[in-house]
Amino acid sequence: MLTVDCKDVVSIRNDLLVYVADQVAAIPTLKQHQFTLSSLDDEIIDIAAVISAIKEYLDSIHEGHNFAVISHDNIIHITSISGRIIKESAPKSEHEMFSCTHCGFITRYQVELNVHMRIHYI
C-alpha cells in the first residue's frame, strides 16, 4: 500500500486520486490530507509509475513546475517548490466521503462506514 501526501494540493486531491488510480490500476482510499493506493491482487504497486502519473496530472493543469514529487519508503509527498498552494476554486463541501479500506465501499457517514467495516470481521 502506498500513501500519497497531498497537503499542498488538497483542493485537487480527488481529481488527482482518480487519475492516478486509473493509471496504475489500484484501489484508492481517501484520508484527511492524503490518499492511499492498494493493489488489486496483492502485488507491489510501482512507485515510479505513481510518481509519473502524479507529474503528468500536475503538468496537465499547468502546475508541474510549482511542485516536486518526492518518495520516501511507501509515502509519496507532493511538495510546493515555490511555497504556492493550489487554492480551491469551488466552495468546500460540508460532506466528506468515507471509504472502506477493504472493499472500496463509499459513504457520506462515518457511522455507516464503521458498521459496514464490521462485516469484514464476522
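As the structure is a computational prediction, the values presented were derived from the model and not from experiment. (Residues numbered from 1 in each chain as written. Predicted model: local features only at pLDDT ≥ 70, side-chain atom pairs only at ≥ 80, totals over all residues. Heavy atoms only, no water.)

(A) Representation of the packing of aromatic side chains in the model. On inspection of all chains with the given rule, the structure shows one aromatic pair. Ring geometry for Y19 against Y57: centres 5.7 Å apart, planes inclined by 45°, an arrangement best described as tilted. Of the two residues, Y19 is situated in helix α1 (residues 13-24) and Y57 in helix α2 (residues 47-60); the sequence distance between them amounts to 38 residues. The class of Y19 is partly exposed, set by a relative accessible area of 26%. (Phe/Tyr/Trp six-rings, centres within 6.5 Å; stacked < 30°, edge-to-face > 60°. Helix = DSSP H or I, 4+ residues; strand = E, 2+ residues; numbered from the N terminus. Buried < 20%, exposed > 50% of the residue type's maximum accessible area, 1.4 Å probe, protein only.)

(B) Spotlight on unusual backbone geometry. In this structure, H62 takes a positive phi of about 60° despite not being glycine. Note that H62 resides in the loop between α2 and β4 (67-72). With relative accessibility at 63%, the residue H62 sits in the exposed group. Phi at D73 takes a positive value of approximately 55°, unusual for a residue other than glycine. Considering the arrangement of structural elements, one finds D73 in the loop between β4 and β5 (75-80). Judged by relative accessible area, D73 falls into the exposed class, the value being 62%.

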